[in-house]
Amino acid sequence: MPHVSSLGNYNPVVSVYPDAKVASIDIAQRIASLIRSNHQSGKQTVLGLATGSTPIYVYEELVRLHREEHLRFKDVVSFNLDEYFPMQPDSPHSYVAFMQKHLFDHVDINPDNVYIPDGTHPRESIEDYCRTYEQKIGDLGGIDIQLLGIGRTGHIGFNEPGAEFDSQTRLVELNDLTRTDAAAGFGEKEQVPTEAITMGIDTILKARKIILMAWGKGKAAIIKKMMESDLTPDIPATFLKTCERVELVLDTEAASDLRKE
Ligand code: GLP
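Bear in mind the structure is a predicted one, so any value in this text is a computation, not a measurement. (Residues numbered from 1 in each chain as written. Predicted model: local features only at pLDDT ≥ 70, side-chain atom pairs only at ≥ 80, totals over all residues. Heavy atoms only, no water.)

**Student:** Outline the overall build of the protein chain, supporting the account with residue identities and numerical values.
**Tutor:** Within the protein chain one finds 7 helices and 10 strands. Scaling as 2.2 N^0.38, a compact globule of 261 residues should have a C-alpha radius of gyration of about 18 Å, and the protein chain matches this with 17 Å. Taking the principal axes of its C-alpha atoms as reference, the protein chain extends roughly 50 × 45 × 40 Å. By residue count, 54% of the 261 residues in the protein chain fall in the buried class. A sequence separation of at least 24 residues applies to 80% of the contacts in the protein chain between residues at least 6 apart. Summed over all atoms, the accessible surface of the protein chain reaches about 12000 Å², with 49% contributed by carbon and sulfur. (Helix = DSSP H or I, 4+ residues; strand = E, 2+ residues; numbered from the N terminus. Rg over C-alpha atoms; globule rule 2.2 N^0.38 Å. Buried < 20%, exposed > 50% of the residue type's maximum accessible area, 1.4 Å probe, protein only. Contact = heavy atoms within 4.5 Å. Areas by Shrake-Rupley, 256 points an atom, 1.4 Å probe, with all protein chains shown as cover.)

**Student:** Requested: an account of the environment of R179, with residues and values cited.
**Tutor:** Its place among the elements puts R179 in helix α5 (residues 176–186). Spatially, the C-alpha atom of R179 lies 6.1 Å from that of K189, the residues being 10 residues apart in sequence. Contacts of R179, omitting those with residues within four sequence positions, involve L174, K189, E190, V192, P193 and T194.

**Student:** Residues and numbers for the sheet that holds strand β2 (residues 45–49), please.
**Tutor:** In spatial order, the strands read β1-β10-β9-β6-β2-β3-β5; together these 7 strands make up an open sheet with parallel pairing. Bordering the open sheet on either side are β1 (13–17) and β5 (114–115), each of which pairs with just one other strand. Against the sheet, helix α7 (residues 220–228) touches β1, β9 (210–214) and β10 (246–251), its axis set at about 150° to β10. (Pairing = 2+ DSSP bridges. Axes fitted to C-alpha atoms, helices over the stretch in contact; angles between N-to-C directions.)

**Student:** Now, about the site of the ligand: what can you tell me, with residues and values included?
**Tutor:** For the ligand, the full set of nearby residues is T51, G52, S53, T54, D82, Y95, G149, I150, H155, G157, F158 and K219. At a separation of 2.8 Å, a nitrogen atom of the ligand approaches a polar side-chain atom of D82. Y95 places a side-chain nitrogen or oxygen 3.3 Å from a nitrogen atom of the ligand. Computed on the free molecule, the ligand has an accessible area of 390 Å², of which 84% lies beneath the protein chains in the complex. (Near = heavy atom within 4 Å. Polar contact = N/O pair within 3.5 Å; in protein donor to acceptor, adjacent residues only side chain to side chain.)

**Student:** Talk me through the packing of aromatic side chains; I want residue IDs and the actual numbers.
**Tutor:** Within the structure shown, the criterion is met by 8 aromatic pairs. When the ring of F79 is compared with that of Y133, the centres are 5.6 Å apart and the planes differ by 90°; the resulting orientation is edge-to-face. Taken together, the residues F79 in strand β3 (residues 76–80) and Y133 in helix α4 (residues 126–139) connect sequence positions 54 residues apart. An identical accessibility class is assigned to F79 and Y133; each is buried. Between Y84 and Y95, the ring centres sit 5.0 Å apart and the planes meet at 45°, which makes this aromatic pair tilted. Of this pair, Y84 sits in strand β4 (residues 82–85) while Y95 sits in helix α3 (residues 95–102), placing them 11 residues apart in sequence. Across the pair, exposure class does not vary: Y84 and Y95 are buried alike. Among the aromatic residues, ring-to-ring pairing joins F79, Y115, Y129 and Y133 into one connected group. (Phe/Tyr/Trp six-rings, centres within 6.5 Å; stacked < 30°, edge-to-face > 60°.)

**Student:** So what about helix α2 (residues 56–69)? Which residues, and what values?
**Tutor:** Its 14 residues give α2 an end-to-end C-alpha distance of 19 Å, which sits within 8% of 20 Å, the value for a rise of 1.5 Å per residue. Within α2, the full set of buried residues consists of V58, Y59, E61, L62, V63 and L65. (Expected span 1.5 Å × (residues − 1).)

**Student:** Please give an account of the side chain of T198 that cites residues and values.
**Tutor:** With respect to the helices and strands, the residue T198 is situated in strand β8 (residues 195–198). Under the relative-accessibility criterion, T198 is labelled buried at 0%. Those residues in contact with T198 that lie beyond four places of it in its chain are L81, D82, G157, F158, N159, Q168, T169, R170 and V172.

**Student:** Go over the environment of G216 with me, naming the residues and quoting the values.
**Tutor:** Positionally, G216 belongs in the loop between β9 and α7. With near-sequence residues (within four places) excluded, G216 lies in contact with D251, E253 and A254.

**Student:** Now, about the packing of helix α1 (residues 20–40) against α2: what can you tell me, with residues and values included?
**Tutor:** Running from amino to carboxyl end, α1 crosses α2 at an angle of 50°, the nearest separation of the two axes being 8 Å. With respect to α2, the axis of α1 lies oblique. Crossing angle aside, the handedness with which α1 passes α2 is right-handed. Residues A20, K21, S24, I25, I27, A28, Q29, I31, A32 and R36 of α1 form the contact with α2, whose own contacting residues are Y57, V58, E60, E61, L62, R64, L65 and E69. (Parallel < 35°, antiparallel > 145°, perpendicular 65-115°, else oblique. Left-handed = near helix turned anticlockwise from the far one by under 90°.)

**Student:** Mind laying out the confidence of the model for the protein chain, listing which residues take part and the relevant values?
**Tutor:** Per-residue pLDDT for the protein chain averages 96, and the proportion of residues at 70 or more is 97%. Per-element confidence in the protein chain ranges from a low mean pLDDT of 95 for α5 to a high of 99 for β2. (pLDDT = per-residue confidence, 0-100.)

Laid out in structure tokens, this is it:
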């Protein structure tokens, strides 16, 4: 891994909106503009998608734009950041189910253009599988816009504390706090898988535009830490500060602990 002190440290653009809904509508509109302009020049749009409660309003607005404003997803390709491991796609806890419920079942995306890490892949060949996932992103020209949430551990995707700057798509262990936070959805913490497949930090940073979203008071502390800490694998989101294509989109509550300039 390159020594962290040799990495650039930009001040990411921080956009603060009055609330999550207004912010999400703006992000969805930006995605829609890109899809439309790429369509006009005969190009596909490659989206990097996230799960969790944070991106739900973005997906809601994309569905509305499809229904009411003719936004077409025929030439959109999507790669999801992560999936629990092991995980059956038809489980209600899978990120496959999440994406179908919030986006894919409601738009005209071609199912062959949807990529979500396979939580059923045999463990013995998982490394090859992850390499193929990474390769596929490159083969399709790379990600145009990558959406991200942030976990309270400072994870992006499932890159938990300890994740390396040059990490690629791989099988990882989930942090205890992440499993605690996911417990409500699974009924109890013991039901939350202990592992996941996630795109790496390097995979994420290769995207042409990266938007990290955070809403609510519950995210204020980790956003402050991310913005004020040096680059460190202890807070993987700090690595986003090495890339000038990153933008933080926050509501006023998530931004409330940031130092006012
Ligand atoms: C999960 C996902 C992350 C997401 C995080 C935050 O762990 N794998 O990609 O960013 O949760 O979740 P939420 O948006 O519900 O706060």
